[in-house]
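# Structural overview for review
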Amino acid sequence: MTVLLATVLDGLALGAVYALVALGFVIVFKASGVLDFAHGSLLLLGGYLVAVLHGTLGFAGAAAVAVLATAAVAGAVDRLLLRRVAADPHAATVQTIVTIGVDIVLLTDLSRRLGGDLLGLGDPWRDTVRTLGPVSVAESRLAAVAVSAVVIGAVFALFRYSAWGLSLRAAAEDPEAAALQGIRTARVRTLAWCLAGALATVAAVFLAAFPAPGLDSGTGQIALKAFPAAIIGGLTSPPGALAGSLLIGLTEALAAGYQSELLVLGDGFADVAPYAVMILVLLVRPAGLLAVKGAARV
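Residues numbered from 1 in each chain as written. Predicted model: local features only at pLDDT ≥ 70, side-chain atom pairs only at ≥ 80, totals over all residues. Heavy atoms only, no water.

## Quick word on the pattern of salt bridges
Scanning the entire structure with this criterion turns up seven salt bridges. With a closest N to O distance of 3.5 Å, Asp78 and Arg83 form a salt bridge. The buried category is assigned to Asp78, whose relative accessible area is 0%. Between Arg189 and Asp78 there is a salt bridge whose closest N-O contact spans 2.5 Å. Remark: Asp78 occurs in helix H2 (residues 39–81) and Arg189 occurs in helix H7 (residues 185–207); sequence separation between them is 111 residues. The pair formed by Arg189 and Asp78 is uniform in burial state, with each residue classed as buried. Taken together, the shared-partner salt bridges in this structure form one network comprising Asp78, Arg83 and Arg189. (Salt bridge = Lys/Arg side-chain N within 4 Å of Asp/Glu carboxyl O. Buried < 20%, exposed > 50% of the residue type's maximum accessible area, 1.4 Å probe, protein only. Helix = DSSP H or I, 4+ residues; strand = E, 2+ residues; numbered from the N terminus.)

So this is what it looks like as structure tokens:
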């Protein structure tokens, strides 16, 4: 029972971090219809900036600068690159392909800078472990749940109560009608990309924290595990991204924690478990668990 509780706590913490990444996928898709395959390299960029700046600025200062810088880079990708192909008849498809190119460029440069090194981010939790009843859990995991809950709550409040959130929802429903109502859809879209970049940086801090060994060139690939979470929940549903992320986090943690009992499924099944769950969910709910069904006039 103790092992199960510890595994579930790890899964919830992992799912909370995945939710930050999955929300980025969903926000960008709602705003622009683009699948952002550069999200993993943006996450790695944010983590790298924290790693190289925390010695000078301290952890909090480095994290703040990294969040702003990564948000600016994400916004620049939209404004300077994706906007140039907006007039193409298949703009969303072309822009998605462009994000693959951006990912390759960013990942190549960051991998060159990182080499084979493991970088610490100077986080205040270090390798501290807390005891909760019969369960021992890393303090960074508890911080991940707490910070993710606050950040996700703030994002949901932004969607619900801010003028930008209302504009985003209107533009997602009908871009042409939103533009006719005076909504500056280009600005809404760029701000969505900026927010996704900021969320990726927050996720990077916890993906590189203990019990992970640190930040390396492969950290950005972890973001790809959040992609099934966004698909499972529905690419147009922020609550679905949260639900899908918790499901993926629990699945991965349980598969890793009970790997010896799952040897029949192959060594390293935990790495493919998120994608197996995605396939199973899509067989039942092709649009995702919480995808909103649109009305069609015929």
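## Describing the packing of helix H4 (residues 139–161) against helix H9 (residues 238–257)
Packing of H4 against H9 leaves a shortest axis separation of 11 Å and a crossing angle of 160°. Classified by the interaxial angle, the pair formed by H4 and H9 is roughly antiparallel. The two elements H4 and H9 meet at a crossing, and its hand is left-handed. Two secondary-structure elements touch here, H4 through Ile152, Phe156 and Phe159 and H9 through Pro238, Pro239 and Leu242. Along the lines of polarity and charge, the residues of the contact of H4 with H9 split into six nonpolar, no polar and no charged. (Axes fitted to C-alpha atoms, helices over the stretch in contact; angles between N-to-C directions. Parallel < 35°, antiparallel > 145°, perpendicular 65-115°, else oblique. Left-handed = near helix turned anticlockwise from the far one by under 90°. Contact = heavy atoms within 4.5 Å. Nonpolar A, V, L, I, M, F, W, Y, C, P; charged D, E, K, R; others polar.)

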